[in-house]
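Summary of structural features
Residue-level listing of the chains:
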Amino acid sequence: MMLRSVVSSKLPQISRLSLRFRASQYSAAASIPAPNTQPEVHFNKIFINNEWHDAVSKKTFPTVNPSTAEVICQVAEGDKADVDKAVKAAKQAFRLGSPWRRMDASHRGLLLNRLADLIERDSAYLATLETLDNGKPYTISYSVDLPLVVKCLRYYAGWADKNHGKTIPIDGDYFCYTRHEPVGVCGQIIPWNFPLLMQAWKLGPALATGNTVVMKVAEQTPLTALYVASLIKEAGFPEGVVNIVPGYGHTAGAAISSHMDIDKVAFTGSTEVGQLIQQAASRNLKKVTLELGGKSPNIILSDANLEDAVEQAHFALFFNQGQCCCAGSRTYVQEDVYNEFVERSVERAKKRVVGDPFSLQTEQGPQVDEDQFKKVLGYISAGKRDGAKLMCGGGVAADRGYFIQPTIFGEVKDNMTIAREEIFGPVMQILKFKTLEEVIERGNDTQYGLAAAVFTRDIDKAHYISAALRAGTVWVNCYNVCGVQAPFGGYKASGNGRELGEYSLENYTEVKTVTIKVPQKNS
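The sections below set out a description of the structure shown in this document.

Each value, and the rule that gives it
Residues numbered from 1 in each chain as written. Predicted model: local features only at pLDDT ≥ 70, side-chain atom pairs only at ≥ 80, totals over all residues. Heavy atoms only, no water. Pairing = 2+ DSSP bridges. Helix = DSSP H or I, 4+ residues; strand = E, 2+ residues; numbered from the N terminus. Axes fitted to C-alpha atoms, helices over the stretch in contact; angles between N-to-C directions. Contact = heavy atoms within 4.5 Å. Disulfide = S-S within 2.5 Å. Buried < 20%, exposed > 50% of the residue type's maximum accessible area, 1.4 Å probe, protein only. Parallel < 35°, antiparallel > 145°, perpendicular 65-115°, else oblique. Left-handed = near helix turned anticlockwise from the far one by under 90°. Nonpolar A, V, L, I, M, F, W, Y, C, P; charged D, E, K, R; others polar.

**Some words on the sheet that holds strand β15 (residues 407-410)**
Read across the open sheet, the 7 strands follow the order β14-β15-β16-β13-β12-β18-β19; overall the sheet is mixed. One side of each edge strand has no neighbouring strand; the edge strands of this open sheet are β14 (389-392) and β19 (473-476). For this sheet, the mean inter-axis angle between neighbouring strands, taken without regard to orientation, is 25°. Pairing geometry for β14 and β15, over 3 bridges, is antiparallel. Counted as the bridge partner of Leu390 is Phe409 from β15. Against the sheet, helix α11 (residues 306-318) engages β12 (297-300), β13 (330-334), β15, β16 (427-433) and β18 (451-455), with an angle of about 135° to β16. Helix-sheet contacts for helix α13 (residues 370-386) involve β14, β15 and β16, and the interaxial angle to β15 is about 25°.

Rendered as structure tokens:
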């Protein structure tokens, strides 16, 4: 993720060029309330049947503040036994004749709108809790993530009574029509980089189309999702429609993926885990949608507006601490502007404000946890070892917590580890190219295909390159523009299926054909 939205004029350290957000889009941007840096945690248990439960095993796990490496609280550790309970509740809620199954589609939309209203009401608290648990800057949590969550839920609320079938004029004396029916019980496994937003991306289409949900939230960032569970109950969703199980991937996540009573699984995360989920889901051939990793090429042509391209490329890589699946992590620059681009990019990176995520001046907070922190530092070491030129950064940025300096490598070659593997951190690789044909071939030479971008003033080149790149999304003279109305997803090892937009509804519905014999058909 990956997201451009609205940032207030009150955020002087966040470049307007890099975010290009229109303050008029969201009233939330008009002023940012002062954060409570120690928000109270209200919910830390498992949510099943609109009730809070301890784990069957009574186990808990710590969730940690990445800014300080201190434990925030203990959270109930769900595993297979808890997933079984949640699936049973979801299956009961989906039974024929249940309140949820008999509910008017328009009323499902009303409930989603109510949930959006409640999230908007509590957006300041949710933003502080997101920042505490995830480490992203509070300005981003409040002015970007929360408005996009609300917008996503309201968008799918509108779809609830508009996803319908057709009447089909087949041959003979028959009346034929199709129904778009919910898949059933949906297992959803969400990541830690955009906890609230990924929860909304998953819940919106699933609930709009009448499914029930068993969701596993990331063990690094469970707190905001559990608070939203309380708002789901407050909004009036029937018991068992949404069930949320915090826990680890190898236990709770594996149980969801292989469960014989789950009809569909949706996952956002790494390609390696996505492959395991696909294999586990094959036990009952459940529907699977996967939004996975990326190593997206960001192509800067010599005719581009260089000032804008530098700022956009900076945003494409460093936004959200570099923890975006679609980050522009291979920056290809045409050779005659390469040196100037590198120089300007280094100057911009050195100005990036890294620090306390609750400060309104901060652009970059910590990595999400110690594992990611060490992983990113390991990739920086690999870049040096492989012969890339370290232009700036490359080290730890604070005495405590998981902060890493904004880092740029120049003279990067395609076969280097940092140019092949997803780093998921604030490490920019800048590569040089000569011709369009060359950069297209190199841009496509990856197992991934999530996103790409091209910066140019030539519309013919823009069309040519965007058509040639094997990626689910291609941006031209912009980056990270993810509107809820437009589909998002990848080619190749970046996953299958699409999230957002009308396209995502297909992942949560089955098409049934009904054919009825009639005495006589007339046109």
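**Here we look at the state of the cysteines**
In protein chemistry, a disulfide is the covalent bond that joins the sulfur atoms of two cysteines. Scanning all chains against the criterion turns up 0 disulfides. You can see Cys326 has no disulfide; the closest cysteine sulfur is in Cys325, sitting 4.9 Å from it.

**Concerning the pairing of β15**
Because side chains alternate across β15, one face comprises the buried residues Thr407 and Phe409, and the other comprises Ile408 and Gly410, equally buried. By the bridge criterion, 3 bridges tie β15 to β16 in an arrangement that is parallel. Bridge pairing links Phe409 to Gln429 in β16.

**Some points on the sheet that holds strand β6 (residues 174-182)**
Working definition: the strands of a sheet are paired by backbone hydrogen bonds and lie parallel or antiparallel to each other. Taken in spatial order, the 3 strands of this open sheet run β5-β6-β22, and their pairing is antiparallel. Only two strands of the sheet have a single neighbouring strand rather than two, namely β5 (167-168) and β22 (509-517). Bridge count for β6 against β22 is 9 bridges, and the pairing is antiparallel. Looking at the pairing, Pro182 lines up with Thr509 of β22.

**A short note on the packing of helix α7 (residues 195-208) against helix α8 (residues 223-235)**
Helix-helix packing is described using two parameters, namely the angle between the two axes and the distance between the axes. The interhelical angle for the contact between α7 and α8, taken along N-to-C directions, is 45°, at an axis separation of 9 Å. Here α7 is positioned oblique relative to α8, judged by the angle of their axes. Crossing geometry of α7 relative to α8 is assigned as right-handed. From α7, Pro195, Leu196, Gln199 and Leu203 reach across to α8, where they touch Thr224, Ala225, Val228 and Ile232. When the residues that make up the contact of α7 with α8 are grouped by side-chain class, the tally is 6 nonpolar, 2 polar and no charged.

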